[in-house]
Amino acid sequence: MPRIFSGVQPTNNIHVGNYLGAIRNWLELQTSNDCIFCVVDLHALTVYQKPEILRQNILNVAKTYLALGVDPKKSIIFVQSDVKEHAELAWILNTIAKTGELERMTQFKDKAKQHKENINLGLFSYPVLMAADILLYDTDGVPVGEDQKQHVELARDLALRFNHLYGETFVVPQPLINRNGARVMGLDDPSKKMSKSAASSFNYIALLDDVKVAEKKIMRAVTDSGSEVKAGIEKPALTNLLTIYSLLADRPIKEIEAEYSGRGYGDFKKGLAKVVVDFLVDFQTKFNNIADAEVKKILDAGAAQARKLAIGKIQEVKEKIGLLI
Ligand code: AQP
């Protein structure tokens, strides 16, 4: 069975963009693939996190996976820092990654601008750690949003480079990006992607948002000029809102456009708010029914399974590069 690997950083609560761009695709993949889903907590450290909040976010992200339907009977779910081989392989890959290729990474450039006071080495080599996450498990496919494509491409380059230098070792992974929802845009600025660490919380709908707050965020979302509810290149804000509606309600955009034809943005936003609230209520009921102890047990079992695979791979890598005497 093909191997799938993906993860989310516990930098805040998961938002609709993370769900529609990535996790929603995981759910389909887990029926016919060998899936590994990780809470990538080491990545989160590249931006300063308050320890108590980080601990809670790690648990919340794992609980979110479960509440959305990631099934621990089908998939391995674990926390990255519980398997130390991720950091070990990252160091080894650092020695074949070029600083020039890391300087070209869009996420690094964006985050360096956003966190001028803390442009740390971890932020710079973030894509190398992500390559280690992926390559450690002989991953065939990486389901991610559009923003992570460049990082998966780097993982491919590093796999090919390592294989060329030391002989066939790593599987060369493919990014798996769905056409719809691959880049959900900010509600307050449809020219930028929806992001957990956006300056304003009006940028995103977090899956744990209070439903009244979520409603307010939709009603305040930026729209385009005109009043016609229509998707298209000249209407980026409406296209984004229609995409969210379409994916959450599982209805084609054309059908939604027809329903709101001639009714204006206000009516459409009320309809979208209802779709979002229904989704959040269902999700939050499931989330609140999962006990912390249950999640911790699943994560411990997942880490043990992941560790077995990771240890085998790191041994192979060490042998190839001459570290095992
Ligand atoms: N706006 C988005 N639309 C579609 N997919 C998205 N993803 C993120 N934002 C969008 C996908 O979600 C997965 C997890 O993302 P991440 O936590 O690893 O980090 P990120 O890409 O940096 O996401 P955020 O929300 O912007 O977090 P912060 O603000 O902490 O950096 C990935 O598959 C990503 O593609």
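Reading the values: rules and limits
- Residues numbered from 1 in each chain as written.
- Predicted model: local features only at pLDDT ≥ 70, side-chain atom pairs only at ≥ 80, totals over all residues.
- Heavy atoms only, no water.
- Near = heavy atom within 4 Å.
- Polar contact = N/O pair within 3.5 Å; in protein donor to acceptor, adjacent residues only side chain to side chain.
- 1 Å grid on protein atoms, 1.4 Å probe; cavity = no way out; pocket = protein on both sides within 12 Å on 5 of 7 lines; lining within 4 Å.
- Sits in = over half its atoms within 2 Å of the grid points.
- Helix = DSSP H or I, 4+ residues; strand = E, 2+ residues; numbered from the N terminus.
- Nonpolar A, V, L, I, M, F, W, Y, C, P; charged D, E, K, R; others polar.
- Buried < 20%, exposed > 50% of the residue type's maximum accessible area, 1.4 Å probe, protein only.
- Pairing = 2+ DSSP bridges.
- Right-handed = clockwise from strand over helix to strand, strands pointing away.
- Contact = heavy atoms within 4.5 Å.
- Axes fitted to C-alpha atoms, helices over the stretch in contact; angles between N-to-C directions.
- Parallel < 35°, antiparallel > 145°, perpendicular 65-115°, else oblique.
- Left-handed = near helix turned anticlockwise from the far one by under 90°.

Caption draft 1: Here's a closer look at the site of the ligand. Looking at the ligand, there are 24 residues lining it, with Thr11, Lys111, Asp147, Lys196 and Ser197 nearest. One nitrogen or oxygen atom from the main chain of glycine 145 is found 2.8 Å from an oxygen atom belonging to the ligand. Lysine 193 is positioned such that a nitrogen or oxygen atom in its side chain is 2.7 Å from an oxygen atom of the ligand. According to the grid-proximity analysis, the pocket containing the ligand is the largest pocket. Taken together, the elements giving at least two residues each to the shell around the ligand come down to strand S1 (3-8), helix H1 (16-29) and helix H6 (106-114). Among the elements that make up the shell around the ligand, the one with the highest residue count is H1 (four residues). Of the residues in the shell around the ligand, the class split is six nonpolar, 13 polar and five charged.

Caption draft 2: Focus on the pairing of strand S2 (residues 34-39). Of all six residues in S2, five are buried; the element is thus mostly enclosed. Sheet analysis places S1 next to S2, joined by six bridges and oriented parallel. The residue of S2 that forms the bridge with isoleucine 4 is cysteine 35. What joins S1 to S2 is H1, and the crossover it makes is right-handed. One ladder, built from five bridges, connects S2 with strand S3 (residues 75-79); its direction is parallel. Residue pairing across strands places isoleucine 36 opposite isoleucine 76, the latter belonging to S3.

Caption draft 3: View of the environment of valine 222. Along the chain, the position of valine 222 falls in the loop between helix H9 (211-220) and helix H10 (236-249). Overall, valine 222 belongs to the partly exposed group, its relative accessible area being 32%. Sequence separation between valine 222 and phenylalanine 283 is 61 residues, and the spatial gap between their C-alpha atoms is 25 Å. Other than its neighbours up to four places away in sequence, valine 222 contacts Leu187, Asp188, Pro190, Ala237 and Leu241.

Caption draft 4: Spatial organisation of the packing of helix H4 (residues 85-94) against helix H13 (residues 292-321). In the contact formed by H4 and H13, the axes pass within 10 Å of each other and the chain directions differ by 25 degrees. Judged on the interaxial angle alone, H13 and H4 are roughly parallel. Classified by chirality, the crossing of H13 by H4 is left-handed. Taking contact as the criterion, the partners of Glu85, Glu88, Leu89 and Ile92 in H4 are, on H13, Arg307, Ala310, Ile311, Ile314, Val317, Lys318 and Ile321. In terms of residue class, the contact of H4 with H13 is built from seven nonpolar, no polar and four charged.

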